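# Geometric and topological summary
Here is what each chain is made of, one letter per residue.
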There are 2 protein chains.
Amino acid sequence: MDKDPLKKYLRDRQAEVDQLLHSYLPGPKCPPPLIHEAIRYSLFAGGKRLRPILCLAAAESVGGRREVVLPFAAAIELVHTYSLVHDDLPAMDNDTYRRGKLTNHKMFGESTAILAGDALLTAAFALMAEKGLAGTISHKKILSVILELGSAAGSTGMVGGQLVDIQSEGKKSIDQDELHYIHTHKTGALIRASVRIGGVLGGASSKKLTALTRYGEKIGLAFQIADDILDVEGEEKEMGKSVGQDQAKEKWTYPRLIGLERAKKEAHVLVEEALGELNGFGPEADPLRGLALYMVERKK
Amino acid sequence: MDKDPLKKYLRDRQAEVDQLLHSYLPGPKCPPPLIHEAIRYSLFAGGKRLRPILCLAAAESVGGRREVVLPFAAAIELVHTYSLVHDDLPAMDNDTYRRGKLTNHKMFGESTAILAGDALLTAAFALMAEKGLAGTISHKKILSVILELGSAAGSTGMVGGQLVDIQSEGKKSIDQDELHYIHTHKTGALIRASVRIGGVLGGASSKKLTALTRYGEKIGLAFQIADDILDVEGEEKEMGKSVGQDQAKEKWTYPRLIGLERAKKEAHVLVEEALGELNGFGPEADPLRGLALYMVERKK
């Protein structure tokens, strides 16, 4: 997919995800208003909706209908947003800005931010169950998708990765295995699950699901390496947050461990490999192909 | 149910719930070990398992099989434990002891406690999906139970109640409606859901489910009032935590708002009403009857 059609694709899908989230979540005046304000503040802070878009594109790549998959794609964004709200907390990464706006706890206070994250995570599962009950996809598939998201987000997935990331801060050294663990769990697990959930709901054959899974693992890692590179090279204005934060916090990243040039090369190799996984797919997988390149070419 | 059979009932059910949780959760050495240690520390800290036992007793009261309902009962305990770990955090209730042991964040640090709570909540939904896929109950019922738990725990349920509770601390006055909102949401929503989930999975008719729902609402409120009374009158040694905390934190409670004697009377009236809801049930509901009385007679 060329750049302009991809831009339009991203914009259109983002609007669909936003619309579903807007209409699903309790309004900002629903009691207690503060929690719903805080939820909406972080959820509608200009996120790119990359994970739900990957989910939708994966469903399309195997001939699935986007509108049927949309609520489950949106649920992934709820999990992602909860993880950002909690990661930003003073006891965690202690961040002041996110996407050019004050972080949730700076805006609403720490207790509200903890609860808003809790509520976002809970809402993800309620959303899947509710839309699963009302929709046309088999209830068995819905349960397998709930299990997929729960496993990817839990103690042996995203939460485990975040814990090891925090433990590694300030360490004198770290080996590539440990950094690989952090990246594949903290960021990779949810991206992999996004692609797999789209595949499962879209009706992928087991062969295509295997290819999609590998695609998801590779772009997940490429995404995190690109993120680390942007933290070194990105423009603060475009990023909407302070750059150089990883170094300031003594975080371990690919650029720090293997150098900036090798990290860039590694990210591009991963994207090439991800594209290779899609060889057996037709033009329906063009959005997935465009998204793989976007992972390493984005400026924010 | 007399006191001695009830004691045995509680002990036996508690052992069943504990056993399921032990075998389901990753072992304390599963990577990353720290998160699984922290999860198990709070989960196996001697909780009474009241919510899962209510769920099991509700299933039995309508002729359901306990062993089929057990994983879903255990999932409720995961949600309850996450809520305790997060409620104890410095930004929330800032508690040092819980059930006679240091709170999770005092033991493992704040970031680990936040993540352990997140992982517990996530595990609740993964457990329900996994056991639902493997079991004999219809997948539709499993989804409705996931929705029930998600709604009860979320921003318009338990999390909403906790937020209003924190907002009300230190206020000069509060009206009975607001206190009622806090109690029915912070504690009541999950207790109500526990009873309802047991009823649904046990195969309750719609008439019996309505009666169980009302029973759950009434004992939920009675439980919270009894909790507030114990905070005034309880023995520190038996409670395993400091008493008088509500007053120290200027929390609003029934004893504070309407006086100790009226609060005690109110709790007993609620239990009587809850028992009345079970009039159409046979001796299979005896455990539920015993549990209603236990709510207000317990010493911890």
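What counts and how
Residues numbered from 1 in each chain as written. Chains lettered and ligands numbered in written order. Predicted model: local features only at pLDDT ≥ 70, side-chain atom pairs only at ≥ 80, totals over all residues. Heavy atoms only, no water. Least-squares fit on C-alpha atoms with pLDDT ≥ 70 in both. Contact = heavy atoms within 4.5 Å. Buried area = accessible area lost by both parts, 1.4 Å probe. Salt bridge = Lys/Arg side-chain N within 4 Å of Asp/Glu carboxyl O. Polar contact = N/O pair within 3.5 Å; in protein donor to acceptor, adjacent residues only side chain to side chain. Helix = DSSP H or I, 4+ residues; strand = E, 2+ residues; numbered from the N terminus. Nonpolar A, V, L, I, M, F, W, Y, C, P; charged D, E, K, R; others polar. Expected span 1.5 Å × (residues − 1). Buried < 20%, exposed > 50% of the residue type's maximum accessible area, 1.4 Å probe, protein only. Axes fitted to C-alpha atoms, helices over the stretch in contact; angles between N-to-C directions. Parallel < 35°, antiparallel > 145°, perpendicular 65-115°, else oblique.

Turning to the relation of the copies chain B and chain A, a few remarks are in order. Least-squares fitting of chain B to chain A yields an RMSD of 0.0 Å, with the transformation described by 0.0 Å of translation along the axis and a rotation of 180°. Considering both components of the superposition, the chain copies are consistent with a two-fold axis. Within chain B, His139(B) has its C-alpha nearest the rotation axis, a separation of 2.8 Å. Residue by residue, 98% of the interface of chain B is reproduced at the interface of chain A, so both copies engage with the same surface.

With that settled, the discussion passes to the interface of chain B and chain A. Facing 49 residues of chain B, the contacting portion of chain A comprises 48 residues. When chain B packs against chain A, close to 3,900 Å² is buried across both sides, 82% of that on carbon and sulfur atoms. By the criterion of area lost to chain A, the three top residues of chain B are Leu115(B), Leu143(B) and Leu163(B), representing 16% of everything that side buries. For the pair chain B and chain A, the interface holds zero salt bridges. Summed over the shared surface of chain B and chain A, the number is four residue pairs in polar contact (both at pLDDT 80 or more). If you list the elements that add at least two residues to the side of chain B that touches chain A, you get helix H2 (33–43), helix H4 (66–87), helix H6 (110–134), helix H7 (139–153) and helix H8 (158–168) of chain B. If one sorts the elements of the side of chain B that touches chain A by residue count, H6(B) sits on top with 15 residues. Split into classes, the residues belonging to the side of chain B that touches chain A amount to 29 nonpolar, 16 polar and four charged.

Looking now at helix H3 (residues 50–61) of chain A. Residue and element names in this part refer to chain A. If you check H3, its first and last C-alpha atoms are 16 Å apart, about what twelve residues at 1.5 Å a residue would give, namely 16 Å. Taken as a whole, H3 has its buried residues at Leu50, Arg51, Pro52, Ile53, Leu54, Cys55, Leu56, Ala57, Ala58, Ala59, Glu60 and Ser61. Phi turns positive one or two residues past the end of H3, at Gly63, with a value near 85°.

Moving on to the packing of H4(B) against helix H9 (residues 176–202) of chain B. Residues and elements named next belong to chain B. Packing of H4 against H9 brings their axes to within 10 Å, and their N-to-C directions diverge by 170°. As far as their axial angle goes, H9 and H4 are roughly antiparallel. Facing H4, whose interface residues are Val69, Phe72, Ile76, Val79, His80 and Asp87, H9 presents Lys186, Leu190, Ser194, Ile197, Gly198 and Leu201. Classifying every residue of the contact of H4 with H9 by side-chain character gives seven nonpolar, three polar and two charged.

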